[in-house]
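Summary of structural features
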Amino acid sequence: MHLDDADGALDSWARFCSLSGELVGGAGDLSVGPRLAPVVADLCARGLATLVRDYFLHNLEETFRNNAVKMFWQKFHPYCNSSAVERIKFCVQESWPEDVLSIALEDICLEKSYQEKCVLVLVHVLQSYEEKTENKLKTVEFSSSLMPRYQLMVSSVLLTTLPLSFPEILNIYFKKKLEELNTMMDGSDETDLACHELFGRSKVSAWDSKMDIDGQETVISESGNLVRNIGKVVRDLRCLGFTSMTEDSYSSAIIWLLKSKVYELAGDDYRIPVLGRVKKWIQAVPLQFLHSLLAYLGDSVDYESGLSGLKSPLASRPSSFPGIGVPSEALLRWHMRLEYFAYETLQDLRIGKLFEIIVDYPESSPAIEDLKQCLEYTGQHSKLVDSFISSLRYRLLTAGASTNDILHQYVSTIKALRSIDPTGVFLEAVGEPIRDYLRGRKDTIKCIVTMLTDGSGGNTNGSGNAGDNLLEELNRDAENQENADYDDHTNIDEKQAWLNSESWEPDPVEADPLKGSRNRRKIDILGLMVSIIGSKDQLVNEYRVMLAEKLLSKSDFDIDSDIRTLELLKIHFGESSMQKCEIMLNDLIDSKRTNSNIKTSLLRTFETVAGQEETEMSHDVLDATIISSNFWPPIQTEDLAVPASVDQMLSDFAKRFHQIKTPRKLLWKKNLGMVKLELQFEDRNMQFTVVPVHAAIVMRFQEKPSWTSKTLATEIGIPVDSLNRRIGFWTSKGVLTESVGPDADDHIFTVVDSMSDVNKNSIVNESCEAFQMTEDEGESSVASVEEQLKKEMTVYEKFIIGMLTNFGNMTLDKIHNTLKMFCAEPSYDKSLQQLQSFLSGLVSDEKLEMRDGLYLLKK
Amino acid sequence: MKVKVLQWHAVASWTWDAQDETCGICRMAFDGCCPDCKFPGDDCTLIWGACNHAFHLHCILKWVNSQTSIPLCPMCRREWQFKG
Ligand SMILES: [Zn+2]
Ligand SMILES: [Zn+2]
Ligand SMILES: [Zn+2]
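All of these numbers come straight from a predicted model, not from anything done at the bench.

Scanning chain B from N- to C-terminus turns up one helix and three strands. If you list the helices and strands of chain B from N to C, you get β-β-β-α. Looking at the 84 residues of chain B, the share that counts as buried comes to 48%. Relative to all contacts within chain B whose residues are 6 or more apart in sequence, the contacts with residues 24 or more apart total 41%. Counting only carbon and sulfur atoms, one obtains 49% of the accessible surface of chain B, whose full area is about 4,400 Å².

What follows is the structure, given as structure tokens:
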């Protein structure tokens with residue numbers, strides 16, 4: 001060779017150019033190889049190897065770009081050039097983009113594989129030259145780097161010409177295919193068995209045998225076929241250098257499908273667990289898909305194949321998947337990733353609806369159980385706390401919600417969350433705003449006591465056993481718990497837990513929930529309720545007032561349910577706290593006995609007195625509740641002149657009491673009690689259960705049919721305005737009519753003796769509602785706790801007003817502390833809650849204002 | 001119109017009707033009970049001395065038993081005798 005021969009070089013170069021043109025542009029003719037060899041060898045010997053390589057690659061690039069790439073993208077132009085709306089039309093076509101994509105990929109890959117053969121021709125030529133020359137180091141690089149450079153060229157040409165919407169097309173493709181696969185699985189009835197069978201068969205007969213050669217006549221299941229088609233597309237895409245774009249694309253399609261599956265399964269029904277079904281579905285659809293895909297692509301490394309030397313921490317995880325066998329590590333990663341995503345999706349979904357779920361509790365406990373498992377996996381409890389608090393503020397802690405509703409939701413929240421969070425740490429965070437809000441409501445204590453002790457009231461939405469109060473339920477729970485784990489839960493513990501509850505503080509956030517609830521304090525619903533009120537004494541006091549009211553408006557001595565409630569309260573609050581209440585109930589029991597003693601002796605006496613008029617009342621109709629007034633809350637007494645016949649009975653009864661219990665005496669509280677009356681008219685009879693003052697009023701109308709309010713008030717011994725208020729009961733029942741008398745402020749009331757001129761139909765109604773009046777028309781016989789407190793607090797009012805005049809505005813704490821420091825006579829002994837409730841009374845009396853937690857004088 | 005009373009359920013409180021409000025020994029209300037008792041009334045009765053001072057029965061019995069010499073009324077220091 002003549003290396004310095006410039007003409008020879010030019011000649012060789014010209015021949016190389018024409019031969020490579022012939023090769024690259026030629027329609028599949030690779031026979032130029034032998035002719036190319038000497039030319040390339042000559043050029044390399046002249047040190048022009050770089051030039052040879054670059055020219056050749058450039059030639060390939062030009063051809064690839066101008067033919068294959070152009071045609072490839074052209075196939076997607078119709079979609080890419082469409083508006084967003086028009087694109088939907090493409091998406092709804094069944095075979096789009098599948099057909100376009102697979103044809104386009106086939107074409108371009110065909111072209112590429114031809115070019116690869118061309119590259120190989122040059123590689124061989126270079127290799128054989130390299131083998132002949134000693135100077136290997138220099139040329140080795142060229143032969144071995146040619147193919148990688150070619151691959152790089154292909155993918156960079158494609159990526160630089162990539163239309164923006166191509167990833168979108170891929171995404172649509174995978175979504176559609178996965179959905180198709182999912183529908184197939186659904187068709188197989190979603191049962192384990194079906195999945196097993198379908199995949200079990202396809203694994204053995206389809207995958208393993210198919211893997212070696214495409215197109216062999218094997219019985220391939222539908223889904224196997226589908227995955228194979230997808231696999232082909234993925235393989236082609238990878239071959240073109242779209243590896244990561246493709247992976248992103250099917251990953252996001254899988255995630256999308258998983259998300260919609262979770263939404264579909266979870267829905268708004270909280271009564272069925274869904275987590276198990278989601279997990280099953282993950283194994284049945286996406287994992288099967290990935291398994292098949294990875295296997296098709298040859299990516300999976302099975303442990304079975306003996307390559308288990310690479311131990312990963314995941315290796316000890318599930319040993320076998322249904323229909324898959326021992327999964328590859330890639331598949332295990334996918335499994336964890338998908339499960340995590342499913343947990344997180346379901347968790348977010350449930351957290352978003354937690355308010356409704358808790359309203360439905362305990363029917364919704366399957367949803368709560370799911371949520372618990374999700375949170376254990378994701379550890380995102382704080383998400384729950386934040387979201388739930390904001391929905392509480394928005395939906396529950398508003399002026400429109402009744403205190404009862406708030407309390408019921410609070411209790412449900414406690415019950416629901418304690419299963420998620422046995423340590424109570426998150427419950428504490430969630431409960432705080434509810435408790436704060438409830439403390440600002442005046443009827444909170446009353447509602448809590450009603451809820452705890454009253455089976456019929458409170459719980460109006462029908463859940464829970466009828467006639468069962470919260471206390472009863474709590475007790476049953478405690479008994480069940482005791483039976484379940486008596487070793488760490490004895491009665492002493494219960495009491496201690498109760499004592500602790502007042503000084504209770506939340507655990508630090510980092511407290512390990514896995515440490516188990518066993519060694520930790522149990523979540524004490526009652527304790528949490530009491531912490532709203534402030535102290536158990538206030539709760540007990542309110543209960544006592546409500547009990548007094550209830551007992552004093554009874555017309556019998558049936559107190560079985562109250563005794564049961566008292567026993568339960570004693571368990572929780574201690575006997576000494578409940579002693580006054582116990583005495584009150586004991587008074588009723590004693591009264592019953594004393595009544596029957598007195599009545600038998602009275603009847604015996606009066607039987608001997610012959611000629612008693614029939615109209616005269618028998619002592620049989622009189623019952624008396626005899627109270628130990630020192631142990632009852634302050635009782636509102638009012639003068640009342642009962643009819644003479646009744647008065648006679650009362651004094652007979654009192655005399656007999658004095659005889660039996662001497663030297664004890666009875667003091668009648670004539671305005672209290674309950675009276676059952678029958679009003680007998682010319683054309684009708686009506687029965688009523690009323691308070692004594694109502695009875696005293698109506699009985700006066702036997703003497704004369706018309707009374708002015710002033711004379712009647714004097715007769716009965718009550719103020720006129722009080723009479724006017726009470727007599728309204730009888731006019732509203734149609735028993736009396738009202739007319740204006742000669743004196744403008746003195747009304748005349750007349751009995752309606754015949755209904756003939758009034759509506760007769762109302763008779764039926766009257767007898768129906770005869771015994772229902774006490775609820776709203778009965779009057780409170782006991783001073784409420786609020787009234788008592790108001791009385792006690794009034795002495796401090798002037799201090800408070802004085803302080804606010806000086807300081808302008810003050811927080812609750814500041815007022816409380818100032819009173820504690822400076823109020824010596826009388827000394828200030830009230831709790832913060834009592835002060836707050838007094839202040840809110842002053843606010844509603846418009847004496848004070850409250851703004852941003854500050855109290856100030858109302859101007 | 002005639003009114004027939006079917007039932008009259010009245011309310012009354014009882015009292016020992018003693019001169020003082022509280023027992024001179026335990027300082028508890030007469031109409032309450034002594035510190036040892038749970039229920040007032042029948043279970044914890046009052047007793048009058050010849051001097052006309054009244055005490056919870058349980059209180060004066062304890063007092064009498066604790067005296068080494070002749071028991072005196074804690075109020076008037078006269079010799080204690082139960083009123084006949
Ligand atoms: Zn005493
Ligand atoms: Zn006693
Ligand atoms: Zn004396």
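Still to come is the rest of the account.
With that settled, consider the overall build of chain A. Check the secondary structure of chain A and you find 35 helices and nine strands. Evaluated residue by residue, chain A yields a buried proportion of 47% over its 859 residues. Across chain A, contacts joining residues at least 24 apart in sequence account for 74% of those joining residues at least 6 apart. Of the roughly 42,200 Å² of accessible surface on chain A, 52% is carried by carbon and sulfur atoms.

Moving on, we get to the coordination of the zinc ion (ligand 1). All names here are of chain B. Protein-derived ligands of the zinc ion (ligand 1) are Cys23 (SG), Cys26 (SG), His56 (ND1) and Cys59 (SG), with the metal-ligand distances lying across 2.1 to 2.3 Å. Between consecutive donors of the zinc ion (ligand 1), the numbers of intervening residues give the motif C-x2-C-x29-H-x2-C. Taken together, the residues Cys23 in the loop between strand E1 (2-15) and strand E2 (46-48) and Cys59 in helix H1 (residues 57-66) connect sequence positions 36 residues apart. Judged by relative accessible area, which is 6%, Cys59 ranks as buried.

Our focus in this paragraph is the sheet that holds strand E4 (residues 706-708) of chain A. All names here are of chain A. Judged by pairing direction, the sheet is antiparallel, and its three strands sit side by side in the order E4-E6-E5 without closing on themselves. Of all the strands in the sheet, the pair left with one neighbour each is E4 and strand E5 (736-740). Between one strand and the next, the sheet's axes are offset by a mean angle of 25°, whatever the strand orientation. Relative to strand E6 (residues 747-751), E4 runs antiparallel, the two sharing three bridges. Opposite Thr708, over in E6, you have Ile748 as the bridge partner.

Residue and element names in this part refer to chain A. Of the residues in chain A, 79% have a pLDDT of 70 or more, and the chain-wide mean is 78. Counting contacts from residues 189-220, a segment whose pLDDT is below 50, to residues more than four positions away or on other chains yields 47 contacts. Considering only residues more than four positions removed or in separate chains, one finds that residues 457-466, a stretch of pLDDT under 50, has five contacts.

In this section: the sheet that holds strand E2 (residues 665-680) of chain A. With mixed pairing, the four strands of this open sheet are ordered in space as E1(A)-E1(B)-E2(A)-E3(A). One side of each edge strand has no neighbouring strand; the edge strands of this open sheet are strand E1 (622-627) and strand E3 (685-690) of chain A. In this sheet, neighbouring strand axes are inclined to one another by 20° on average, regardless of whether the strands run parallel or antiparallel. Bridge analysis of E1 of chain A against E1 of chain B gives six bridges, and the strand direction is parallel. What sits directly across from Ala624 of chain A, in E1 of chain B, is Ala10 of chain B. Against the sheet, helix H28 (residues 692-700) of chain A touches E2 and E3 of chain A together with E1 of chain B, its axis set at about 55° to E2 of chain A.

It is worth spelling out the side chain of Thr625 of chain A at this point. Mapped onto the elements of the fold, Thr625 of chain A is located in strand E1. Of the polar contacts made by the side chain of Thr625 of chain A, one reaches the side chain of His9 of chain B; its length is 2.6 Å. When residues no more than four places from it in sequence are discounted, the contact partners of Thr625 of chain A are Phe557, Leu588 and Ser591 of chain A together with His9, Ala10, Val11 and Ala12 of chain B.

Here we come to the nonpolar core. Residue and element names in this part refer to chain A. Counting 96 residues, the largest nonpolar core has Phe72 and Phe166 as its most contacted members. A per-element tally of this core places helix H6 (residues 98-132) first, with 14 residues. Ignoring sequence-local partners within four residues, the contact set of Phe72 consists of Ala104, Leu105, Ile108, Leu158, Phe166 and Leu240.

Counting residues at the interface gives 28 residues for chain B and 55 residues for chain A. Here chain B packs against chain A, burying approximately 3,900 Å² in sum over the two surfaces, 57% of which is carbon and sulfur. Of the charged contacts, one joins Lys661 of chain A and Asp42 of chain B as a salt bridge, the two residues approaching to 2.7 Å between their closest N and O atoms. Along the contact surface separating chain B from chain A lie 27 residue pairs in polar contact (both at pLDDT 80 or more). By residue number, the principal contributor to the side of chain B that touches chain A is E1 of chain B, which donates 14 residues. A per-class count over the side of chain B that touches chain A returns 16 nonpolar, six polar and six charged. Summarising the sheet, E2 of chain A and E1 of chain B pair through 12 bridges and their orientation is antiparallel. Within the sheet, the bridge partner assigned to Lys676 of chain A lies in E1 of chain B and is Gln7 of chain B.

Our focus in this paragraph is the coordination of the zinc ion (ligand 2). Between any two of four tetrahedral donors, the ideal angle at the metal is 109.5 degrees; between two of six octahedral donors, it is 90 or 180 degrees. Residues and elements named next belong to chain B. Of the protein atoms, only Cys34 (SG), Cys37 (SG), Cys44 (SG) and His58 (ND1) coordinate the zinc ion (ligand 2), at distances of 2.0 to 2.4 Å. One way to put it: the four donor atoms around the zinc ion (ligand 2) meet at angles of 94 to 117°, and that makes the site tetrahedral. Motif for the zinc ion (ligand 2), donor spacing along one chain: C-x2-C-x6-C-x13-H. Here Cys34, found in the loop between E1 and E2, pairs with Cys44, found in the loop between E1 and E2; they are 10 residues apart in sequence, far enough to count as distant.

Calculation rules
Residues numbered from 1 in each chain as written. Chains lettered and ligands numbered in written order. Predicted model: local features only at pLDDT ≥ 70, side-chain atom pairs only at ≥ 80, totals over all residues. Heavy atoms only, no water. Helix = DSSP H or I, 4+ residues; strand = E, 2+ residues; numbered from the N terminus. Buried < 20%, exposed > 50% of the residue type's maximum accessible area, 1.4 Å probe, protein only. Contact = heavy atoms within 4.5 Å. Areas by Shrake-Rupley, 256 points an atom, 1.4 Å probe, with all protein chains shown as cover. Donors = N, O, S within 2.8 Å, 3.2 Å for Na, K, Ca; no water. Pairing = 2+ DSSP bridges. Axes fitted to C-alpha atoms, helices over the stretch in contact; angles between N-to-C directions. pLDDT = per-residue confidence, 0-100. Polar contact = N/O pair within 3.5 Å; in protein donor to acceptor, adjacent residues only side chain to side chain. Core = buried A, V, L, I, M, F, W, Y, C linked by side-chain atoms within 4.5 Å. Buried area = accessible area lost by both parts, 1.4 Å probe. Salt bridge = Lys/Arg side-chain N within 4 Å of Asp/Glu carboxyl O. Nonpolar A, V, L, I, M, F, W, Y, C, P; charged D, E, K, R; others polar. Tetrahedral: all angles 85-135°; square planar, octahedral: opposite > 155°, others 65-115°.

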